[in-house]
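Understanding the architecture of this molecule
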Amino acid sequence: MALVTFLRGTSRTESRAFCSVKINGILKDWFESTQGTKQGDNLSSNCFSMCINPPLGELESLGCGVHVEDTIISALAYADYLVLISESENDLQCLITTLQNWWLSVTLIKNNAFQEQK
């Protein structure tokens with residue numbers, strides 16, 4: 001229920017965003033975007049950080065990645081990019097599988113939260 005409350009609170013802080021689609025060089029009618037945050041919105045980076053930090057912690061706990069002195073780097077994240085890095089194909093596959101499993105579990109939780117909302 002905390003996720004639903006956060007999403008409702010977040011939606012109240014966003015300004016209205018309007019979009020248009022260009023098809024074959026023709027700009028179609030404008031429509032209001034009612035979900036998500038606008039690119040460059042102050043909330044975008046905070047939302048990304050809240051979403052990306054837990055899986056990055058899980059990847060770090062695996063001990064897979066590139067060894068740099070006494071640190072292991074398994075992922076680089078910036079804006080909406082995520083790069084997984086490793087010294088071996090097996091370790092890279094472990095990182096990918098872990099990330100896939102993490103996102104799958106989050107998707108299930110999110111879907112259940114939105115179902116409760118209806």
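Residues numbered from 1 in each chain as written. Predicted model: local features only at pLDDT ≥ 70, side-chain atom pairs only at ≥ 80, totals over all residues. Heavy atoms only, no water.

1. Here we look at unusual backbone geometry
- Phi angles above zero are rare outside glycine, and N24 is one such case at about 50°.
- Following the sequence through the fold, N24 ends up in the loop between strand 2 (22-23) and strand 3 (26-27).
- Even without a glycine there, the phi angle at E69 is positive, about 55°.
- Looking at the element boundaries, E69 is found in the loop between strand 5 (66-68) and strand 6 (71-73).
- Take E69: its relative accessible area is 80%, and that puts it in the exposed class. (Helix = DSSP H or I, 4+ residues; strand = E, 2+ residues; numbered from the N terminus. Buried < 20%, exposed > 50% of the residue type's maximum accessible area, 1.4 Å probe, protein only.)

2. Brief notes about the side chain of S74
- Mapping S74 onto the fold places it in the loop between strand 6 and strand 7 (75-78).
- The exposure class assigned to S74 is buried, which follows from its relative accessible area of 7%.
- When neighbours within four sequence positions are excluded, S74 is seen to be in contact with L59, E60, C64, G65, V83, L84, I85 and L95. (Contact = heavy atoms within 4.5 Å.)

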